[in-house]
Amino acid sequence: MKIKEKALIKDLELKTVLKYDEIVFPAADIPKDISIIQDTREQRPIKTPYNTIIKKLDFGDYSIDREDQNVVIERKSSSDFYSSVSSNASFDRFCREMERARQVNKKIIILVESTFSKTFYAQSWLLRQAPPEFIMHRMRDLCRKFPETVQLLFVDGRKEAAK
C-alpha cells in the first residue's frame, strides 16, 4: 500500500482488514483439493478451478469449506453495489447482513466486480440512483460501523474477481 493511501485511511479513521502489503495466500500455495462454498441464492456464479459446493450461507456469497474459515466474500457487480448502498432500505438490509457476520466473528470482503474509477466515474447511468459522494459516504459508514468485519475490494471485472 502506498504511503498516501495509508495516510488517507488513517485520516478517515478507517481500519483495514486485509493487509495489502503482504501476499496473504499466494495462488501457488492454495491446496488443489480445497472446496469453495457458493450460496444457493448466488445469481451469477464465479467460475473457479476448485470444487464448488452449493449450499445456503447465512451471509455472503462465497466461503472456503473449512471449519476455521472466518472470511466470506460478498460479490457485487457495480450496479448491484450501487443499489445496495444507495437506498435506505437496501443499505439497512446490507448493514443487517454485516451485523450478523460481526456477531459470529466473521469478516466480509465486499468484492465489487469493477475498478474503483469505473464504478464511480465511467458509468453515468448509475448516478441517477445516487451521486458518487453519497456512495462514498455510505462506504465510509460501512467501514466505520463494522471496522473489524467489512473490507471493500474493487477488482477489474469477473475474471479478476474469480482470482
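These numbers were taken from a predicted model, which means no experiment stands behind them.

Novice: Just to check I follow, could you spell out the confidence of the model for the protein chain for this structure?
Specialist: Low-confidence regions, as indicated by low pLDDT, have predicted coordinates that should not be scrutinised in detail. Summarising the model, the protein chain shows a mean pLDDT of 80, and 77% of its residues fall at 70 or more. Averaged over each element, pLDDT in the protein chain is lowest for helix α1 (residues 3-11) (55) and highest for helix α3 (residues 88-103) (93). Counting contacts from residues 20-25, a segment whose pLDDT is below 50, to residues more than four positions away or on other chains yields 9 contacts.

Novice: Looking at this structure, how should I read the nonpolar core?
Specialist: General note: in soluble globular proteins, nonpolar side chains tend to be found buried as a group. Formed by 23 residues in total, the largest nonpolar core has its most connected members in F81, M98, I110, I135 and L142. Per-element accounting of this core gives the leading share, 5 residues, to α3. Non-local contacts of I110, meaning those with residues more than four positions away in its chain, are made with E74, K76, F81, F94, M98, L142, V150, Q151, L152 and L153. Counting residues in hydrophobic clusters, the runner-up holds 8 residues, among them I34, I46, Y50 and L111.

Novice: What is the right way to look at the pairing of strand β1 (residues 35-38) in this model?
Specialist: For a regular strand, the rule is simple: side chains alternate between the two faces of the sheet. Residues of β1 alternate between two faces, with S35 and I37 on one and I36 and Q38 on the opposite face, all of them buried. Sheet topology note: the β1/strand β2 (residues 51-54) ladder contains 4 bridges and is parallel. Bridge pairing in β2 places I37 opposite I53. The sheet contact formed by β1 and strand β3 (residues 62-64) spans 3 bridges and is antiparallel. Paired with I36 across the two strands is I64, which belongs to β3.

Novice: How should the packing of aromatic side chains be read in this particular structure?
Specialist: Aromatic ring pairs are described here by two measures, namely the spacing of the ring centres and the angle between the planes. Counting across every chain of the model gives 2 aromatic pairs. The interplanar angle of 85° and the centroid separation of 5.9 Å between the aromatic rings of F81 and F154 together place this pair among those described as edge-to-face. With F81 in helix α2 (residues 78-86) and F154 in strand β6 (residues 150-154), the pair connects residues that are 73 residues apart, well separated along the chain. Under the relative-accessibility criterion, F81 is labelled buried at 0%. With centroids separated by 5.4 Å and ring planes inclined at 90°, the aromatic side chains of F116 and F154 adopt a geometry described as edge-to-face. Of this pair, F116 sits in helix α4 (residues 116-122) while F154 is found in strand β6, placing the two residues 38 residues apart along the sequence.

Novice: What is the right way to read the packing of α2 against α3 from this model?
Specialist: In helix packing, the relevant descriptors are the interaxial angle and the interaxial distance, both defined with respect to the helix axes. The interhelical angle for the contact between α2 and α3, taken along N-to-C directions, is 95°, at an axis separation of 5 Å. When the axis of α2 is compared with that of α3, the two are roughly perpendicular. Judged by residue contacts, S83, S84, V85 and S86 of α2 engage N88, S90, F91 and F94 from α3. Of the residues assigned to the contact of α2 with α3, the class counts are 3 nonpolar, 5 polar and no charged.

Novice: What am I meant to see in the packing of α3 against helix α5 (residues 132-145) here?
Specialist: One way to put it is that α3 packs onto α5 with a least axis distance of 11 Å and a crossing angle of 25°. In terms of their interaxial angle, α3 and α5 are classed as roughly parallel. In this structure, α3 meets α5 at a crossing whose hand is right-handed. Residues N88, F91, F94, C95, M98 and R102 of α3 touch α5, and the partners they reach there are R138, D141, L142 and K145. Its residues placed into classes, the contact of α3 with α5 shows 5 nonpolar, 1 polar and 4 charged.

Novice: How should I be thinking about unusual backbone geometry in this particular structure?
Specialist: Positive phi, normally seen in glycine, also occurs at N105, with a value near 55°. Note on placement: N105 falls in the loop between α3 and β5 (107-112).

What counts and what doesn't
Residues numbered from 1 in each chain as written. Predicted model: local features only at pLDDT ≥ 70, side-chain atom pairs only at ≥ 80, totals over all residues. Heavy atoms only, no water. pLDDT = per-residue confidence, 0-100. Helix = DSSP H or I, 4+ residues; strand = E, 2+ residues; numbered from the N terminus. Contact = heavy atoms within 4.5 Å. Core = buried A, V, L, I, M, F, W, Y, C linked by side-chain atoms within 4.5 Å. Buried < 20%, exposed > 50% of the residue type's maximum accessible area, 1.4 Å probe, protein only. Pairing = 2+ DSSP bridges. Phe/Tyr/Trp six-rings, centres within 6.5 Å; stacked < 30°, edge-to-face > 60°. Axes fitted to C-alpha atoms, helices over the stretch in contact; angles between N-to-C directions. Parallel < 35°, antiparallel > 145°, perpendicular 65-115°, else oblique. Nonpolar A, V, L, I, M, F, W, Y, C, P; charged D, E, K, R; others polar. Left-handed = near helix turned anticlockwise from the far one by under 90°.

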